[in-house]
Amino acid sequence: MKTLMLASALLLGSAAQAEVRAVFVGIDKYENSRAHVQGAGFDDLSGAVGDTRRIREALAGSQRLDVGAMPDDANCRTQSALVHTLINSCATKAAILGAWNRALQGAQVGDTLLLYFAGHGSRFLDDATLDQASRYNSTLMAHDARRPGAVAGADILDHEVRRFIDLATSRGVNIVTWFDSCNSGTASRDGNSATRTAPDLRVSGLVPIKSPLQYGSYGAYRVHLGAAGDGQDAKEVGAVGARAGVFTTALSNAIIATPRASFADLAARVVEDVTRATGGRQRPHAEGALRATLGGPEIKVPTFEVVLDGGKLVMAGGGLVGITVGSRFDLFASTGSALGGGSGLKAHVVELSAGSAVLQPESALPPGLPGRLVAREFAHDFGGQVLRLAVAEPAALPVVQKLGFVALDPASRFRLAADGGGVLLSGPAGPLARLPAASAPQFGVQLAAALEKVARVEQWLARLQPRDGVSLCVQNVDNPDELDPKWCPDQPPGGPILKVDKPIMVSVVNKAPAPRFVTVLAIGDKYSVTQVLPGFGARDPAIDAGQAVRIPPGQELLPDGPGRLRFVVLSSDRPLNAGVLEQSDTDVIDGQACLSPVARQFCLGADRARAGGWSEVGQWSVGIVNAVVKP
């Protein structure tokens, strides 16, 4: 089901040729603030332009980004080959959107576009259209925001930001957004003086936006770091005239101190620094492809946060996301180190719950161990031979016999046979992967990687028994805009029959007595696993008891051929790190295969050259829908 993944063309960008482009916006002076309009609901700011200067300097020093000259009162706009900077009166809504579009027009596949904004933020209310990836309907307030009589007050709506992000990623350009503004009507940049927000804005008549044919986090990615959670203050510190945003100060310091850090590492450091500086009143949020680095690709290897809790190493990942007792992990001080392919402190799983695991270190813990660690699995314990395989190609037997989770069974529905000059791996629904000849050096790693994907999904599904508390509906729709997400037609015993040329709508109803966080994953014919709700790496809030959530209008799944689709909904009282379950098709050769717990054993010798916060889940539910797509 190619429509559940990004087109392979988006993977063609060369990291060596990729460039980082940026648009920086900082606004202290507003056209329609109380300084200029009597009765206005917000004041001017005093630290946003300084924030813009600081983040530019941090990137120029650590990333060697040519940021050009910093604008000033006499010249409020500057531009270099790769960077646009707008401040104050030059940062109107039209000018900001124009700079974003010009930067995108100059970008190539594989480039990264960074959008930084420091200024007022607010939120808009539109009861009819809630189509944002994260369901937070926030706004960025341009210099001319809240102009009397202007449509939507000249705010830049979340709706418009989302549309631009979709446009960029559809072209293979990575998008990174760093917003130092508030997204809540009750938040403020400074609790004592100038607020960094404005009254809520009511907007009507928004047209749902059509998302590109891509879902999950494969291909061009997006990353978002925001200054504060919904309903929190985004604070400034320092005397008037020398004020600085706490978020931008922490982010700038992190960029300078760790120039090659992943976004996950930057976010962890920023969250810690900002939370400490504000006494817990402001906690930045991060979402998206956090395993990437600025200007670099996202490495598709699952990582897990580990904390030292009462002398125990507790990992944020449990049975609901495929962790098993006995599996072994390397522990690192940062996500970047974990993705580098090296070796860390060894530990294995000794206790397992739905949402977490306890790790037993295999050697004495060194002194001065950080309070937060990052785990990467290097040996998955399947608990025995969980996958049966018929092998009709004798030359493949030596490789298969090295895989302890595979049992030889001539009657198995999975089969390995000679196919022309290579080997074909097939399953119940047809071909899974065409592999090189068994004598080829790369055969071992490609077969191991493909069988590992199959075994992980089969074992995970076998252990996921449906559990009351959530309802999952998968259906074709003629008019998605008019669909009631709480309504689901009667399904045949074998699951819904879907049409190849009609949009697929996925919706979930929380039937638990309390709010629940919801994740929906789609499993394709070739064992790809794609997170479809929340989409694109977003982190959605919990939905209340009895309420429903659906894929937003305009973003329905569009299958491009017949086949089988399986959908799984996980519902829990705490957020789950379900994105670690995502994987590509069995016939996709992943660049990070040698970091896989199974395939890595074949990545030696000749193959080598070819190659935030959480808490324990208490209450949870599972729903599974098996669907068939027909012409």
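Here the structure is a predicted model, which means the values were calculated and not measured.

Student: Explanation requested: the overall build of the protein in the structure shown.
Tutor: A count of helices and strands for the protein gives eight helices and 32 strands. Surface accessibility of the protein: about 25100 Å² in total, with carbon and sulfur atoms responsible for 52%.

Student: Help me understand unusual backbone geometry in this model?
Tutor: Excluding glycine, residues mostly carry a negative phi; peptide bonds, for their part, are mostly trans. In the segment running from Leu 533 into Pro 534, the intervening peptide bond is cis, with an omega of -10°. Looking at where Pro 534 falls in the secondary structure, it is placed in the loop between strand 29 (529-533) and strand 30 (548-550). Backbone geometry at Arg 64 places phi at a positive 55°, although glycine is not the residue there. Tracing the sequence through the fold places Arg 64 in the loop between helix 1 (48-63) and strand 2 (77-79). With relative accessibility at 67%, the residue Arg 64 sits in the exposed group. Despite not being glycine, Tyr 527 has its phi angle at roughly 70°, a positive value. Mapping Tyr 527 onto the fold places it in the loop between strand 28 (517-523) and strand 29.

Student: Please explain the environment of Arg 415 as it appears in this structure.
Tutor: Counting through the fold element by element, Arg 415 comes out in strand 22 (residues 415-419). Those residues in contact with Arg 415 that sit more than four places away from it in its chain are Leu 389, Ala 390, Ala 392, Leu 424, Leu 425 and Ser 426.

Student: Can you help me understand the packing of helix 1 against helix 4 (residues 246-257) in this one?
Tutor: Helix-helix packing is characterised by the crossing angle of the two axes and by the distance between the axes. Two elements in contact, helix 1 and helix 4, have axes separated by 9 Å at closest approach and are oriented at 10°. What the angle tells us is that helix 1 and helix 4 run roughly parallel. Contacts from Asp 51, Arg 54, Ile 55, Ala 58, Leu 59 and Ser 62 of helix 1 reach helix 4 at Thr 248, Thr 249, Leu 251, Ser 252, Ile 255 and Ile 256. Across the contact of helix 1 with helix 4, the residue classes tally to six nonpolar, four polar and two charged.

Student: Any chance you could explain the sheet that holds strand 32 (residues 620-630) here in plain terms?
Tutor: Strands pair in a sheet through their backbones, by hydrogen bonds, and they do so in one of two ways: parallel or antiparallel. In space, the five strands of this open sheet follow the order 26-32-31-28-29, with mixed pairing throughout. In the strand order of this sheet, the two ends are held by strand 26 (497-499) and strand 29, each with one partner. Within the sheet, the average angular offset between the axes of one strand and its neighbour, ignoring direction, is 30°. In this structure, strand 28 lies alongside strand 29, joined through four bridges in antiparallel fashion. When the bridges of strand 29 are listed, Leu 521 appears paired with Gln 531. Packed onto the sheet, helix 8 (residues 443-463) meets strand 28, strand 29 and strand 31 (563-572) and runs at close to 55° relative to strand 31.

Student: Sorry if this is basic, but what is going on with the packing of helix 2 (residues 93-105) against helix 3 (residues 158-170) here?
Tutor: The interhelical angle for the contact between helix 2 and helix 3, taken along N-to-C directions, is 10°, at an axis separation of 11 Å. Between helix 2 and helix 3, the angle is such that the two are roughly parallel. Within the contact between the two elements, helix 2 uses Lys 93, Leu 97, Trp 100, Asn 101 and Leu 104 and helix 3 uses Glu 160, Val 161, Phe 164, Leu 167 and Ala 168. Among the residues making up the contact of helix 2 with helix 3, the classes are represented as seven nonpolar, one polar and two charged.

Student: When you look at the state of the cysteines in this model, what are you seeing that I'm missing?
Tutor: Put plainly, a disulfide is one covalent bond tying together the sulfur atoms of two cysteines. One pass over the structure, following the stated rule, counts two disulfides. In this model Cys 76 forms its disulfide with Cys 90; the gap between the sulfur atoms is 1.8 Å. Measuring the twist about the S-S bond at about 60°, one finds the Cys 76-Cys 90 disulfide to be right-handed. You can see Cys 76 sitting in the loop between helix 1 and strand 2 and its partner Cys 90 sitting in the loop between strand 3 (83-87) and helix 2, a full 14 residues away along the chain. What makes Cys 76 buried here is its relative accessible area of 12%. Residue Cys 90 is classed as buried on the basis of its relative accessible area of 17%.

Student: Sorry, what's going on with the nonpolar core here?
Tutor: Nonpolar side chains in soluble globular proteins tend to be buried together. Phe 24, Leu 59, Ile 96, Trp 100, Trp 178 and Phe 263 are the most contacted members of the largest nonpolar core, which totals 67 residues. Formed by 57 residues, the second largest nonpolar core is a distinct cluster that contains Leu 313, Phe 382, Ala 396 and Leu 464.

Student: Sorry, what's going on with the packing of aromatic side chains here?
Tutor: Two aromatic rings, taken as a pair, are described by how far apart their centres are and by the angle between their planes. Scanning the model with the defined rule gives seven aromatic pairs in all. On the basis of an interplanar angle of 85° and a centroid distance of 5.7 Å, the ring pair of Tyr 30 and Phe 42 is categorised as edge-to-face. In this pair, Tyr 30 is assigned in the loop between strand 1 (20-26) and helix 1 and Phe 42 in the loop between strand 1 and helix 1, connecting sequence segments 12 residues apart. Sitting over the face of the ring of Phe 378, Lys 346 holds its NZ or CZ atom 5.3 Å from the ring centroid. The side chain of Arg 467 reaches across the aromatic face of Trp 620, ending 4.0 Å from its centre.

Student: Explain the pairing of strand 20 (residues 387-391) to me, please; I cannot follow it from the model alone.
Tutor: Residues in a regular strand project their side chains so that they alternate between the two faces of the sheet. Across three bridges, strand 20 lies against strand 21 (residues 406-408) in parallel orientation. When the bridges of strand 21 are listed, Leu 389 appears paired with Leu 408. Examined bridge by bridge, strand 20 and strand 22 share two bridges and lie parallel to one another. Its bridge partner lying in strand 22, Val 391 is registered against Leu 416.

Student: Sorry if this is basic, but what is going on with helix 3 here?
Tutor: It helps to recall that an α-helix has 3.6 residues per turn; residues three or four apart then point in one direction. Between its first and last C-alpha atoms helix 3 spans 18 Å; for 13 residues at 1.5 Å apiece the expected length is 18 Å, and the two agree. Counting buried positions over the 13 residues of helix 3 gives 10, a clear majority of the element. Three or more residues of helix 3 are buried, namely Asp 158, His 159, Glu 160, Val 161, Arg 162, Phe 164, Ile 165, Asp 166, Ala 168 and Thr 169. Gly 172 lies just past helix 3 and shows a positive phi near 80°.

Definitions and limits used
- Residues numbered from 1 in each chain as written.
- Predicted model: local features only at pLDDT ≥ 70, side-chain atom pairs only at ≥ 80, totals over all residues.
- Heavy atoms only, no water.
- Helix = DSSP H or I, 4+ residues; strand = E, 2+ residues; numbered from the N terminus.
- Areas by Shrake-Rupley, 256 points an atom, 1.4 Å probe, with all protein chains shown as cover.
- Buried < 20%, exposed > 50% of the residue type's maximum accessible area, 1.4 Å probe, protein only.
- Contact = heavy atoms within 4.5 Å.
- Axes fitted to C-alpha atoms, helices over the stretch in contact; angles between N-to-C directions.
- Parallel < 35°, antiparallel > 145°, perpendicular 65-115°, else oblique.
- Nonpolar A, V, L, I, M, F, W, Y, C, P; charged D, E, K, R; others polar.
- Pairing = 2+ DSSP bridges.
- Disulfide = S-S within 2.5 Å.
- Core = buried A, V, L, I, M, F, W, Y, C linked by side-chain atoms within 4.5 Å.
- Phe/Tyr/Trp six-rings, centres within 6.5 Å; stacked < 30°, edge-to-face > 60°.
- Lys NZ or Arg CZ within 6 Å of the ring centre and 35° of its normal.
- Expected span 1.5 Å × (residues − 1).

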